[in-house]
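# A structural walkthrough
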Amino acid sequence: MKLGTLLCGALLVGIGLVGCTKDEAKPADPVAPAEVTKEKVVVVNFKFDSVKLDASAEKLLKDTVATRKEGTKVVVVGYTDSQGSVKYNQKLSEKRAKAVSDYLNKLKVENTFSGKGATGLLNKDKTKAEHAANRRAEVAFTVIVK
């Protein structure tokens, strides 16, 4: 066996290079990123001026929690529609986020929460249906896959 082939073999083993010819070495093919972020967002809706979770919201959260992967980061953000004062809506959004957070805590799911008031409107917020869509808490389940 030639000395060049032996050196190339040693390089292959020692530093993980591929494609040696004679006395030269080439770097390995690019590797996929070390981590990928995957996120699932569920939306919990609330009735007008309410912070109470209904049975369908609890079921949605419970089902989502049951399928989450270990190490999932959970963030809850509460919102309101544009009815009411800025100050009132901010407090209401915080209470909505806290209601969801408290329920997740009962399910033994660590989370963080905050309220954004009426800053995250999904639409023009003019009709009853548009108001209803904006009265929500968004729960992001984020996992980093390595």
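Everything numeric in this text was worked out from a predicted model, so none of it was measured.

What follows deals with unusual backbone geometry. Of note in the backbone geometry, Asp 49 takes a positive phi value of approximately 55 degrees without being a glycine. Secondary-structure assignment places Asp 49 in the loop between β3 (36–45) and α2 (55–66). Residue Asp 49 is classed as partly exposed on the basis of its relative accessible area, which comes to 40%. At Asp 125, a position not held by glycine, the phi torsion is positive, near 60 degrees.

Right, let's get into α2. The terminal C-alpha atoms of α2, which comprises 12 residues, lie 16 Å apart, in line with the 16 Å expected from a rise of 1.5 Å per residue. Of the residues making up α2, those classed as buried are Ala 57, Leu 61, Thr 64 and Val 65. All buried residues of α2 fall inside an arc of 100 degrees around its axis, so they share one side. Seen from the open side of α2, the exposed residues pointing more than 90 degrees away from its buried face are Ala 55, Ser 56, Lys 59 and Ala 66.

Glancing now at the pattern of salt bridges. Within this structure, the stated rule accounts for four salt bridges. Here Lys 98 and Asp 102 are joined by a salt bridge, their closest N and O atoms 2.9 Å apart. Of this pair, Lys 98 and Asp 102 both sit in helix α3 (residues 86–106), four residues apart, roughly one helical turn.

This part is about the packing of aromatic side chains. Tallying each qualifying case throughout the model produces zero aromatic pairs. Positioned above the aromatic ring of Tyr 79 is the side chain of Arg 136, whose terminal nitrogen or guanidinium carbon lies 4.0 Å from the ring centre.

Side chains that are nonpolar tend, in soluble globular proteins, to be buried together. Residues Val 44, Leu 53, Leu 61, Val 76, Val 100, Leu 104 and Val 139 are the most contacted members of the largest nonpolar core, which totals 17 residues. Every element with two or more residues in this core is listed here: β3, α2, β4 (73–78), α3 and β6 (136–145). A per-element tally of this core places α3 first, with four residues. Those residues within four positions of Val 76 in sequence are excluded, and the remaining contacts are Ala 97, Val 100, Leu 104, Asn 111, Thr 112, Phe 113, Ser 114, Ala 137, Glu 138 and Val 139.

The next subject is the pairing of β4. In terms of strand pairing, β4 meets β6 through six bridges, oriented antiparallel. Residue pairing in the sheet places Gly 78 in a bridge with Ala 137 of β6. The sheet contact formed by β4 and strand β5 (residues 112–115) spans four bridges and is parallel. Looking at β5, one finds that Val 77 is bridged to Ser 114. Read from β4 through α3 to β5, the crossover connection turns out right-handed.

Rules used throughout
- Residues numbered from 1 in each chain as written.
- Predicted model: local features only at pLDDT ≥ 70, side-chain atom pairs only at ≥ 80, totals over all residues.
- Heavy atoms only, no water.
- Helix = DSSP H or I, 4+ residues; strand = E, 2+ residues; numbered from the N terminus.
- Buried < 20%, exposed > 50% of the residue type's maximum accessible area, 1.4 Å probe, protein only.
- Expected span 1.5 Å × (residues − 1).
- Arc of directions from axis to C-beta.
- Salt bridge = Lys/Arg side-chain N within 4 Å of Asp/Glu carboxyl O.
- Phe/Tyr/Trp six-rings, centres within 6.5 Å; stacked < 30°, edge-to-face > 60°.
- Lys NZ or Arg CZ within 6 Å of the ring centre and 35° of its normal.
- Core = buried A, V, L, I, M, F, W, Y, C linked by side-chain atoms within 4.5 Å.
- Contact = heavy atoms within 4.5 Å.
- Pairing = 2+ DSSP bridges.
- Right-handed = clockwise from strand over helix to strand, strands pointing away.

By themselves, these figures tell us nothing about what the structure is for.
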